[in-house]
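So the chains spell out like this:
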Amino acid sequence: MTDAAHSGGVASPERVGVLVLRLWRDELGVLRARITTRVDISSSEDARVTAASADGILEAVRAWVEEFADASGGAPTEPR
């Protein structure tokens, strides 16, 4: 899929970030997550966070979205 097809025909954004979320349950059944992020894919610097609850995972993802939005010069938009 091309950027234009994926973004609804809009030109590629100036900056792209990425978040990879790996989830599993440990041997005791506890939910675990490893979250690897880049606010800008042109950078080679990754950030890694671990979490052991749904709330912790959501908090880490929200923090990354807010960091990306702040670095992009605007707040994340709500879906319509």
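Residues numbered from 1 in each chain as written. Predicted model: local features only at pLDDT ≥ 70, side-chain atom pairs only at ≥ 80, totals over all residues. Heavy atoms only, no water.

1. Observations regarding the overall build of the protein
Next, step 1: Each helix and strand counted, the protein has two helices and three strands in total.
Next, step 2: Counted from the first residue to the last, the protein has its helices and strands arranged as α-β-β-β-α.
Next, step 3: In the protein, buried positions account for 15% of the 80 residues.
Next, step 4: The contacts of the protein with a sequence gap of at least 6 include a subset with a gap of at least 24, amounting to 29%.
Next, step 5: Looking at the protein as shown, the accessible area adds up to about 6300 Å², and 53% of this sits on carbon and sulfur atoms. (Helix = DSSP H or I, 4+ residues; strand = E, 2+ residues; numbered from the N terminus. Buried < 20%, exposed > 50% of the residue type's maximum accessible area, 1.4 Å probe, protein only. Contact = heavy atoms within 4.5 Å. Areas by Shrake-Rupley, 256 points an atom, 1.4 Å probe, with all protein chains shown as cover.)

2. So, the sheet that holds strand S3 (residues 47-51)
Next, step 1: If you trace the three strands from one edge of the open sheet to the other, you get S1-S2-S3, paired in antiparallel fashion. This sheet does not close on itself; its edge strands, each paired only once, are strand S1 (18-25) and S3. For this sheet the average axis-to-axis angle between neighbouring strands, irrespective of direction, equals 15 degrees.
Next, step 2: Taken together, the eight bridges between S1 and strand S2 (residues 31-38) define a ladder with antiparallel strand orientation. Counted as the bridge partner of Arg 22 is Arg 34 from S2.
Next, step 3: The sheet contacts of helix H2 (residues 54-72) involve S1, S2 and S3, and relative to S2 the element is tilted by about 5 degrees. (Pairing = 2+ DSSP bridges. Axes fitted to C-alpha atoms, helices over the stretch in contact; angles between N-to-C directions.)

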